[in-house]
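Reading the structure
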Amino acid sequence: MAKGIWVFVEQRDGKVRKVTYELLSEGRKIVDNFGGELAAVLVGSNVSDMAASFGEYGADKVYVVDRPELANYTTDGYSNVLAELIKKYEPAVVLLGCTLGGRDLSAMVAQKVNTGLLTDCTDMYLEDGNLVFVRPIYAGKALTKVCCLDTSPIMATIRPNVFAVSEPQAGRAAEVIKEDVPPGDIRQIIKEVVMQISTRPELTEANVVVSGGRGLKGPEGFALLEQLADVLGAAIGASRAAVDAGWIPHSLQVGQTGKTVSPVLYIACGISGAIQHLAGMSSSKCIVAINKDPEANIFKVADYGIVGDLFDVVPILTEELKKVLAS
Amino acid sequence: MKIVVCLKQVFDTEAKITLDASGQINKQGVTLIINPYDEYSVEEALRLKEKYKGEVTVITVGSDEAQSALRQALAMGADKAVLVNPGDIELDEYATSIILAKAISTLEYDLVFGGYMAIDDGSSQVAARVADLLGLPLVNTVTKLEVADGKAVATHDIDGGSEVVEVPLPAMITSQVGLNEPRYPSMKGIMQAKKKPMTKLSLADLGLDASQVKPKVKPLSYFLPSPRQAGRIIPGEPAEAVAELVKALREEAKVI
C-alpha cells in the first residue's frame, strides 16, 4: 500500500453519499494495519470548502479539483479529471461506491488508465500481501474471490452498506491538495435533471427497505407500504411482478434485473420469493416476510414470517412500530 | 442509420448456480439467454431501424454456443451478426472490450448499444471501455432515447433521479430496464434468421494476439453463499403476531 488508497468522494450539490464515508472508514483500517496513506478525491464545483472535513473520516490527504465545468457530473468531465489525477499520483488502490455514478465513472477511468476493475464488491481484505475482493456473481447466487494481476492501480467499486462508518474524529485534519485539472471535451450536455422529490433514502443505500409484490393487488397497495416506510424511514422496493403490472416504477425493482439491496432490515409484503427477487435482497441482514401463502418461497429465506393477509397485517405493523419507535 | 449492438449470452435468470468438481461455475444443463439488458438494446436498435431505415448488426465475444443468442437477435429483426470466438483463453472485461472495440472498428455505425450490465458477472464496464477505445461519448442506464439530427437525447437513471443528456453521434448507449419491451421473434423471423449472415472471426482475423488481450483481473476461487436459515413463522392473529414480530426485531434481531 506504499502509494496509498484513494477514495472517490461521491457528492451532488455538496451532499456526500454515505458510501464515501464507508469506504474512508474501511480504507483507514487497511492503511493503519499495513501502512500507506488514505486520500479522498473530491471533484466538483464550489466544493473546496468541504475538503478538510474528510480528515475527520480518516483521510490523510484530500485532492480537490474545483472547477465550474464540474458542477454537474458528466462521464467525460469526471473521468478525464480522475484519470489525470491517477496518472499523476499513481495511487495503489482506487475505491468508489458501487452506485450508478460509481459504476459509470469507474469503468471509464479504468480504461483510460489501462487497468483492471472489480465492480460491486462486498468485501476486501489483504491476503498474503495482496488486496483481494469478494464479489457476488449471478446476482448473489454465487460469489467469487478476485484480485488484480500486475496492474496499477487496483480499482474497485464497493457496494453501499457493506462497511460500517467509523465515528468521525472531530478536528482531525487532512492535507488539502488543490489540483487544477482541465476536464477536457465534455460531450454529454445535460438538458434536465429530475431528482425524485422524496424524503426517502435511496433504495440501494437504505438501512430499511419495505418491498411489495403481486400480493399488493394494485398501486393502491403501495400506499399502505408508504405509511409503513414513513414510520421506519425506509426506502420502497418492489418485485418484478409489481413493476411489470405497472403499479410502481422500474427504478424501484429489486432483483436480478433490478437493484441489489443490502439493508439491515428488509420487509417483503405480498412477495412470493421468485429466485430472481431473492438474488437481489438475500444479503439483507434481517428479512421479514408477510404473505398469505404459507408455502411461499420467501419464507425459506425470511428470519421472521407472518402468514396472513398483508392488508390486515401491514396497518397493524405500522401502528405498532409507530408506538414502539416513539417510546 | 447503422447500429451495432453488443450482446452477451448469459445463464437464464432462473438458473440454479452450482460448482463443479474443480470449483468452477457449473455450466451443465443451464439454459442460455441474451442478457436481458442487451435485449432491450436489440429492441431499441430495431425500433430506430424501423424509423430511419438502415441496418442493425449484433456482435458478441464467445464460443460457438453464443451463436444461438445472435440467432435470436437476428430472428427479432437484426440484419447481420458477428461472433468473435477467442478460443480457449481467459477473458476479463478489459480483454473482452479490446476484442469488441477492434471488431466494431471495422464496421460502420452511428450508434453502438449495450446493456448497462450483464446479469451474470454484474460488472457494467465493457460498454464504457469500448466507448473509450472507440472515442465515443457514453450515456449509461438509458430509459428513453430520441435520435435525430446527428444527436442522441437520452433520459437515463442517475442516483436518486433521472437526467436528460444530449450527445453527438456516433455514441455508445447502454440500456436500462424500462427502455422498451423487447419483441418476441416471429416464426417468419426465426425462418429468415437462418439465412442472415453470421460472420465468425478469430483473434487472428482481428489482428490480435493473446498478449494484447491478457486479462488484468483474476478470479481466485468461486463459492456459494451460505444458505440463509429459514427463520420462524410467528403464529397467531395479526395483532398478536405483529406484537411478537416487533418485539423480536427489537430484542432479538436488534434491527429497529
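These lines cover the structure that appears in this document, whether it is placed above or below. Keep in mind that this is a model prediction, so the values were computed, not measured. (Residues numbered from 1 in each chain as written. Chains lettered and ligands numbered in written order. Predicted model: local features only at pLDDT ≥ 70, side-chain atom pairs only at ≥ 80, totals over all residues. Heavy atoms only, no water.)

A separate point is the overall build of chain A. Counting secondary structure elements, chain A contains eight helices and 18 strands. For a compact globule of 327 residues, the expected C-alpha radius of gyration is about 20 Å, and chain A comes in at 21 Å, within 12% of that figure. Across its three principal axes, chain A shows a C-alpha extent of roughly 60 × 45 × 40 Å. Per-residue burial over chain A gives 60% buried out of 327 residues. Looking at chain A alone, contacts between residues at least 24 apart form 65% of all its contacts between residues at least 6 apart. For chain A, the accessible surface area stands at approximately 12300 Å², while carbon and sulfur atoms represent 49% of it. Taken as two groups, the 31 positive and 39 negative side-chain charges of chain A have centres that lie 3 Å from each other. (Helix = DSSP H or I, 4+ residues; strand = E, 2+ residues; numbered from the N terminus. Rg over C-alpha atoms; globule rule 2.2 N^0.38 Å. Buried < 20%, exposed > 50% of the residue type's maximum accessible area, 1.4 Å probe, protein only. Contact = heavy atoms within 4.5 Å. Areas by Shrake-Rupley, 256 points an atom, 1.4 Å probe, with all protein chains shown as cover. Lys, Arg positive; Asp, Glu negative; His and termini not counted. Charge placed at Lys NZ, Arg CZ, Asp CG, Glu CD.)

A separate point is the interface of chain A and chain B. With 85 residues of chain A in contact, the opposing surface of chain B contributes 77 residues. Both faces considered, chain A and chain B share a buried interface measuring about 7000 Å² in area, 58% of it formed by carbon and sulfur atoms. For chain A, the biggest contributors to the area lost against chain B are Gln111(A), Tyr138(A) and Tyr304(A); these three give 11% of the whole. If you look at where chain A meets chain B, you find three salt bridges. Lys191(A) is paired through a salt bridge with Glu166(B); the nearest N and O atoms lie 3.2 Å apart. With nine residues, the top contributor of residues to the side of chain A that touches chain B is helix H3 (residues 100-112) of chain A. Its residues assigned to classes, the side of chain A that touches chain B comprises 43 nonpolar, 24 polar and 18 charged. By the bridge criterion, six bridges tie strand S13 (residues 189-195) of chain A to strand S9 (residues 161-168) of chain B in an arrangement that is antiparallel. The partner of Glu192(A) across the bridge, within S9(B), is Val164(B). (Buried area = accessible area lost by both parts, 1.4 Å probe. Salt bridge = Lys/Arg side-chain N within 4 Å of Asp/Glu carboxyl O. Nonpolar A, V, L, I, M, F, W, Y, C, P; charged D, E, K, R; others polar. Pairing = 2+ DSSP bridges.)

Time to look at the pattern of salt bridges. Pairing between side chains of opposite charge can happen when the charged atoms of each approach one another. Residue and element names in this part refer to chain A. Under the definition given, this model contains 37 salt bridges over all chains. Across the pair Glu10 and Arg17 runs a salt bridge, and its minimum N-O distance is 3.9 Å. For Arg17, a relative accessible area of 13% translates into the label buried. For Asp244, the salt bridge goes to Arg240, with nearest N and O atoms at 3.1 Å. With Asp244 and Arg240 both in helix H5 (residues 240-244) and four residues apart, the pair spans about one turn of that helix. The exposure class of Arg240 is partly exposed, given its relative accessible area of 42%. Here the salt bridges do not stand alone but share partners, grouping Glu10, Arg17, Glu202, Glu205 and Lys259 into one network.

With that settled, the discussion passes to the pairing of strand S9 (residues 130-137) of chain A. All names here are of chain A. Along S9, seven of the eight residues are buried, which leaves the element largely enclosed by surrounding structure. Connecting the antiparallel pair strand S8 (residues 123-127) and S9 is a turn made up of two residues, with Asp128 showing a positive phi of about 50 degrees. Between the antiparallel neighbours S9 and strand S10 (residues 142-148) lie four residues, among them Tyr138 with a positive phi of about 50 degrees.

Turning our eyes to something else, we now look at a nonpolar patch on the surface. All names here are of chain B. A grouping of Met187, Ile190 and Met191 is seen on the molecular surface, where their side chains present a nonpolar patch of about 300 Å² in accessible area. Its place among the elements puts Ile190 in helix H5 (residues 187-193). A relative accessible area of 33% places Ile190 in the partly exposed class. (Patch = residues over 30% accessible without salt bridge, like charges linked within 9 Å, V, L, I, M, F, W, Y side chains within 5 Å.)

What follows concerns helix H2 (residues 67-76) of chain B. All names here are of chain B. By the criterion of burial, H2 is predominantly enclosed, with seven of the 10 residues buried. Every buried residue of H2 is accounted for by Gln67, Ala69, Leu70, Ala73, Leu74, Ala75 and Met76. One or two steps after H2, the chain reaches Gly77, where phi turns positive at roughly 140 degrees.

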